[in-house]
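Spelled out from the first residue to the last, the chains are:
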Amino acid sequence: MEQITALVRSQKRYFKTGETKKYETRIQALKTLHAALSAHESALTEALASDLNKSAFDAYVTEIGLVLKEIRFMIKHLKSWMKPKKVKTALTHFGTKGYIYPEPYGVTLIISPWNYPVQLSLMPLAGAVAAGNTVILKPSEVAPQTAKCLVDMFKNAFSTEYIAVVQGGPETSTALLNEDVDYVFFTGGTAVGKIIMEQAARRLIPVTLELGGKSPAIVHEDAPIELAAKRIAWGKFMNAGQTCVAPDYVYVHKTVKDAFLEALKAAVDELYGDDIAQENTTKIINERHFDRLVGYLSEGHILIGGETNRSKRFIAPTVLTDVTWTDPVMQEEIFGPILPVMEYENLNAILREISDKPKPLAFYLFSKNRDIQHHVVDRVSFGGGAINDTIYHMTTPYLPFGGIGESGIGAYHGQFSFATFSHQKSVLKQTTRFDLPFRYPNAKNGLKRIKLFLK
Ligand code: NAD
């Protein structure tokens, strides 16, 4: 732990030199990050295969490629994001000018999970660097090969006083949180998020929490059924369901339920059928999660899938019907390739039901009707989501990505990352050409004149 204290101190010292705040340093750091990530593409792909059996396609599309795209976006826009913004001032502030200066916090700590261990480490890291901070990244110990590869990647590219990767588990996060860090960006489960926030609160360290939860998908009676089935199957079974924004369960309108289930069968067959061998499917991260997920298979009725292989930690894409809210599968975040499908008749009734539960990270509606789209978005509170799609909302840098309530605090991606890792320092420039007298306690009729002025 002495090493951790020394590391944080060295980053603090480096930050105080002002080097990381310079535009040239930030741009160079983003370019170095891009180059280092490109150079480690095959090593990281191998590490992801070893930790999660992730395919090369998934490793690039959902992790490495996504981060490279984000870094290029930041390089392109950084100069304009860094400029102080001139804002209006009120009539009561006649003669003044208002500015907002984005200012880095200092030493930032990023704690990331195992399910997308590259993306969820490097997307926030790029934002922290773009905003002019130093970074300590603590990747998940549950994806150890990827964590090790990230250490190698940064070792040759950056000095540890600027960007350091520290390996370890909960005790390492706690040790880091006991140090004088200036910002914490955490991605993981809700229960751990609460622990992190409590630890950060002791030192009043500001936090962003990217958490999880049960994200619903609603398939309304006018939905494009085949497209809905395909896009839900894709979003759910990608990474073996171990995606924070995966649709956790489906509510389908009674009148289209049979057609939807048929289409779902066809979609699972098409996307994950025979030709996609077990060898090519992301595995369940560990035996504890495997056993937890297999436990769900005894609930309701298995309509599709259900095959499991403990030695390969493989669970086939599975669809459950006949489940109720009292079944554990409907009470906990599933985080695996099991999709319960329930039917409904009355849209407002299920919207009320969903709104009575913790606010989800994501929400998906399949309907072509604009009034219904507006109505649903207006009625339900959720982190972010998509209409007639799943997951895609999180791959554009123009939308903030984050949760609300139990699913998180704060957001990032693109300029929202820059804003997250920047304090908005407000500055009022007062004129020296004149000095309005009535704010002073000795002004004649001061109160009367102020009241008149404020009217
Ligand atoms: P986790 O909360 O167990 O672990 C996340 C990180 O926290 C790891 O680095 C781990 O070492 C550390 N950690 C674990 N316990 C700790 C403790 N007691 N004190 C301090 N640090 C601790 O999460 P996970 O299992 O790696 O990931 C799965 C969860 O993350 C799911 O709930 C999922 O929904 C959520 N998630 C959210 C997002 C998002 O962007 N909102 C993305 C991916 C995953």
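What you see is a predicted model, and the numbers here were worked out from it, not measured in a lab.

A. Highlighting the pattern of salt bridges. Following the criterion strictly, the structure yields 15 salt bridges and no others. Close ionic contact of D182 with K12 constitutes a salt bridge, the shortest N to O distance being 3.0 Å. With D182 in the loop between α7 (170–177) and β6 (183–187) and K12 in helix α1 (residues 2–16), this pair connects stretches of sequence that are 170 residues apart. Residue classification places K12 among the buried positions, given a relative accessible area of 15%.

B. Highlighting the side chain of Q242. Relative to the helices and strands, Q242 is located in the loop between α9 (225–237) and β9 (249–253). Taking the relative accessible area as the measure of exposure, Q242 reaches 1% and is therefore buried. Within the structure, the side chain of Q242 is placed 3.1 Å from the backbone nitrogen of I285, a separation counted as a polar contact. The contacts of Q242, once residues within four sequence positions are left out, are L52, W114, N115, Y116, T282, K283, I284, I285, F335 and G336.

C. Layout of unusual backbone geometry. Despite not being glycine, F335 has its phi angle at roughly 55°, a positive value. Mapped onto the secondary structure, F335 falls in the loop between β13 (318–321) and β14 (338–344). Among the residues examined, F335 registers a relative accessible area of 17% and is labelled buried.

D. Representation of the site of the ligand in the model. Within the structure, the ligand sits among 27 residues, and S112, K138, E141, L211 and E333 are positioned closest to it. Between the ligand and W114, the relevant distance is 2.8 Å, taken from an oxygen atom to a side-chain nitrogen or oxygen of the residue. Note that a nitrogen atom of the ligand is positioned 3.4 Å from one of the backbone N or O atoms of E210. Here the ligand loses 88% of its free accessible area of 840 Å² to cover by the protein chains. Among the secondary structure elements, those contributing two or more residues to the shell around the ligand are α7, β6 and α8 (190–202). At three residues, the largest contribution of residues to the shell around the ligand is made by α8. Of the residues in the shell around the ligand, the class split is 14 nonpolar, nine polar and four charged.

E. Inspection of the side chain of S112 at higher detail. Considering the arrangement of structural elements, one finds S112 in the loop between β3 (107–111) and α5 (119–130). A polar atom in the side chain of S112 sits 2.8 Å from the side chain of S121. Those residues within four positions of S112 in sequence are excluded, and the remaining contacts are L120, S121, L137, K138, P139, S140 and T187.

F. The arrangement of the pairing of β3 in detail. Counted residue by residue, β3 has five buried out of five residues, so it is predominantly covered. Here β3 shows no split at all, with V107, L109 and I111 on one side and T108 and I110 on the other all buried. Two elements, β3 and strand β4 (residues 134–138), share five bridges in a ladder whose sense is parallel. Looking at β4, one finds that I110 is bridged to L137. Considered for its hand, the β-α-β crossover made up of β3, α5 and β4 is right-handed. For β3 and β6, the ladder comprises four bridges, and the chain directions are parallel. Of the residues in β6, the one forming a bridge with I110 is F185.

G. Just the sheet that holds β6, in detail. In space, the six strands of this open sheet follow the order β5-β4-β3-β6-β7-β17, with mixed pairing throughout. On the outer flanks of this sheet lie β5 (163–165) and β17 (408–409), each paired with one strand and no other. With two bridges connecting them, strand β7 (residues 207–210) and β17 associate as antiparallel partners. Across the sheet, L209 pairs through a bridge with I409, a residue of β17.

H. Inspection of a positive patch on the surface at higher detail. Residues K86, K97, K429 and R433 make up a contiguous surface patch of positive charge. Examined against the element boundaries, K86 turns out to sit in strand β1 (residues 85–87). For K86, a relative accessible area of 57% translates into the label exposed.

I. Structural context of the layout of surface pockets. The space that makes up the second largest pocket amounts to roughly 570 Å³. Lining the second largest pocket are 24 residues, with F57, D58, T62, W234 and M238 positioned closest to its centre. Elements supplying a minimum of two residues to the lining of the second largest pocket: α4 (56–82), α9 and α10 (257–272). Among the elements that make up the lining of the second largest pocket, the one with the highest residue count is α4 (five residues).

J. Molecular detail of the environment of L361. Along the chain, L361 turns up in the loop between α12 (347–355) and β15 (362–366). In this structure the C-alpha to C-alpha distance between L361 and I387, which are 26 residues apart in sequence, comes to 15 Å. Setting aside chain neighbours within four positions, we find L361 in contact with L211, G212, S215, C244, V245, F382, G383, G384, G402, G403 and S407.

K. Region of interest: empty space enclosed by the protein. Summed over all chains, the structure comprises four cavities of 30 Å³ or more. A volume near 60 Å³ is recorded for the largest cavity. Lining the largest cavity, in full, are L66, K69, E70, M123, M394, T395, T396, P397 and H413. The dominant element in the lining of the largest cavity, judged by the number of residues it contributes, is α4, at three residues. The residue makeup of the lining of the largest cavity, split by class, is four nonpolar, three polar and two charged. Approximately 50 Å³ is the volume found for the second largest cavity. Around the second largest cavity sit G213, S215, K236, G241, T243, C244, A246, D248, E333 and F335, which together line it.

L. The arrangement of the environment of T208 in detail. Structurally, T208 is set in strand β7. In this structure T208 comes out as buried when scored by relative accessible area, which is 1%. Considering only alpha carbons, one finds T208 and T187, 21 residues apart in sequence, at a separation of 8.3 Å. Excluding residues within four positions of it along the chain, T208 makes contact with Y183, V184, F185, F186, I409, G410, A411 and T420. Engagement of the side chain of T208 in a polar contact is seen with the side chain of Y183, the distance being 2.6 Å.

Here is what the cut-offs are and how they apply
- Residues numbered from 1 in each chain as written.
- Predicted model: local features only at pLDDT ≥ 70, side-chain atom pairs only at ≥ 80, totals over all residues.
- Heavy atoms only, no water.
- Salt bridge = Lys/Arg side-chain N within 4 Å of Asp/Glu carboxyl O.
- Helix = DSSP H or I, 4+ residues; strand = E, 2+ residues; numbered from the N terminus.
- Buried < 20%, exposed > 50% of the residue type's maximum accessible area, 1.4 Å probe, protein only.
- Polar contact = N/O pair within 3.5 Å; in protein donor to acceptor, adjacent residues only side chain to side chain.
- Contact = heavy atoms within 4.5 Å.
- Near = heavy atom within 4 Å.
- Areas by Shrake-Rupley, 256 points an atom, 1.4 Å probe, with all protein chains shown as cover.
- Nonpolar A, V, L, I, M, F, W, Y, C, P; charged D, E, K, R; others polar.
- Pairing = 2+ DSSP bridges.
- Right-handed = clockwise from strand over helix to strand, strands pointing away.
- Patch = residues over 30% accessible without salt bridge, like charges linked within 9 Å, V, L, I, M, F, W, Y side chains within 5 Å.
- Lys, Arg positive; Asp, Glu negative; His and termini not counted.
- Charge placed at Lys NZ, Arg CZ, Asp CG, Glu CD.
- 1 Å grid on protein atoms, 1.4 Å probe; cavity = no way out; pocket = protein on both sides within 12 Å on 5 of 7 lines; lining within 4 Å.
- Points joined across faces, edges and corners; volume = space filled by probe spheres on them.

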